[in-house]
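# Fold and contact review
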Amino acid sequence: MKLGRLNHVAIAVPDLEKATATYRDMLGGTVTEAQALPEHGVTVVFVDLGNTKVELLEPLGEGSPIAAFLEKNPSGGMHHVCYEVDDIIVARDRLKAGGARVLGDGDPRIGAHGKPVLFLHPKDFCGTLVELEQA
Ligand SMILES: CC[C@H](C(=O)O)C(=O)SCCNC(=O)CCNC(=O)[C@H](O)C(C)(C)COP(=O)(O)OP(=O)(O)OC[C@H]1O[C@@H](n2cnc3c(N)ncnc32)[C@H](O)[C@@H]1OP(=O)(O)O
Ligand SMILES: [Co+2]
């Protein structure tokens, strides 16, 4: 398995509109339109940085996987990092064989970029939630 580029750093926020305005108006960032991802329980905006992205995300609907995180971090905070991998199935199987916990049912799902993604348990990766995206 070989780790690829950093696709995005994700920041969970309580108010996506406000966070988007902060990145656009205060920081001069280039932001996308908001993208509702009901199958993932979030709405996201990407900030294009050229060599990588920031993903701003807020909960969408009941049972959002980021709700508990925001209860603990009411102002928001760094939520996950997303790395690209050449073959997400090979990566998943190697990581599982090494004892890492793959979240959900273990099968990749289509993420915000229309590519397969997986999440790895934060406790197995230096206290950091890791997302893998098929390059
Ligand atoms: C895919 C679409 C889009 C994209 O980029 O394409 C996205 O990125 S969507 C992102 C939102 N979806 C997810 O995050 C899915 C994966 N996440 C999960 O399944 C949960 O968030 C989970 C299991 C990581 C945590 O859920 P929850 O907080 O409800 O569980 P616990 O309270 O039991 O937490 C267990 C343990 O982990 C610590 N924790 C939780 N979240 C994080 C985090 N983001 N970073 C680091 N650590 C985290 C939590 O504090 C608990 O630790 P403990 O010491 O036991 O208190
Ligand atoms: Co992400």
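Rules used in this analysis
Residues numbered from 1 in each chain as written. Chains lettered and ligands numbered in written order. Predicted model: local features only at pLDDT ≥ 70, side-chain atom pairs only at ≥ 80, totals over all residues. Heavy atoms only, no water. Buried < 20%, exposed > 50% of the residue type's maximum accessible area, 1.4 Å probe, protein only. Helix = DSSP H or I, 4+ residues; strand = E, 2+ residues; numbered from the N terminus. Arc of directions from axis to C-beta. Contact = heavy atoms within 4.5 Å. Polar contact = N/O pair within 3.5 Å; in protein donor to acceptor, adjacent residues only side chain to side chain. Core = buried A, V, L, I, M, F, W, Y, C linked by side-chain atoms within 4.5 Å. UniProt positions renumbered as here; feature names shortened; annotations may be inferred. Salt bridge = Lys/Arg side-chain N within 4 Å of Asp/Glu carboxyl O. Pairing = 2+ DSSP bridges.

### Examining helix H1 (residues 16-26)
Of the residues making up H1, those classed as buried are Leu 16, Ala 19 and Thr 20. The arc that holds the buried residues of H1, viewed along the axis, is 100°, so those residues lie on one side. Across from the buried face of H1, at angles greater than 90 degrees, the exposed residues are Glu 17, Lys 18, Asp 25 and Met 26. Where the residues of H1 are buried, they touch strand S2 (30-31), strand S4 (42-48) and strand S5 (53-59). Sitting at the amino-terminal end of H1 is Asp 15, which places a side-chain oxygen 3.1 Å from the backbone nitrogen of Glu 17. A positive phi of about 70° marks Gly 28, the residue just after H1.

### Considerations on the nonpolar core
Counting residues in hydrophobic clusters, the biggest one holds 12 residues: Val 9, Val 81, Val 85, Ile 88, Ala 91, Leu 95, Ala 100, Val 102, Leu 118, Leu 120, Val 130 and Leu 132. Among the elements of the structure, strand S6 (77-85), helix H3 (88-97), strand S8 (116-120) and strand S9 (129-134) are those that each provide at least two residues to this core. Of the residues forming this core, the biggest block, three residues, is contributed by H3. Excluding anything up to four places from it in sequence, Val 81 contacts Leu 6, His 8, Val 9, Thr 128, Leu 129, Val 130 and Glu 131. By size, the runner-up hydrophobic cluster in this structure holds 10 residues, among which are Ala 10, Ala 12, Phe 46 and Ala 112.

### Structural notes on the UniProt feature "domain: VOC" (unreviewed entry) in the protein
The UniProt record marks residues 5-135 with the feature "domain: VOC" (unreviewed entry), using the residue numbering of this structure. As annotated, residues 5-135 has a helix share of 21% and a strand share of 37%, and its two end C-alpha atoms lie 9 Å apart.

### Focus: the pattern of salt bridges
If the charged atoms of two oppositely charged side chains come close together, the side chains can form a pair. In this structure the tally under the stated criterion is five salt bridges. Across the salt bridge formed by Arg 92 and Asp 93, the nearest N and O atoms sit 2.8 Å from each other. For Arg 92, the salt bridge is made with Asp 107, and the minimal N-O distance between the two is 3.2 Å. Pair noted here: Arg 92 is in helix H3 and Asp 107 is in the loop between H3 and strand S7 (109-110), with a separation of 15 residues, a long-range link. Overall, the relative accessible area of 12% leaves Arg 92 in the buried class. What you see here is one network of salt bridges that share partners, running through Arg 92, Asp 93 and Asp 107.

### Remarks on the pairing of S6
Summarising burial for S6: seven of the nine residues are buried, a large majority. Of the strand pairs in this sheet, strand S1 (residues 3-12) and S6 are connected by seven bridges, and their pairing is antiparallel. Of the residues in S6, the one forming a bridge with Ala 10 is His 80. Here S6 pairs with S9 via six bridges, running parallel. The partner of His 80 across the bridge, within S9, is Leu 129.

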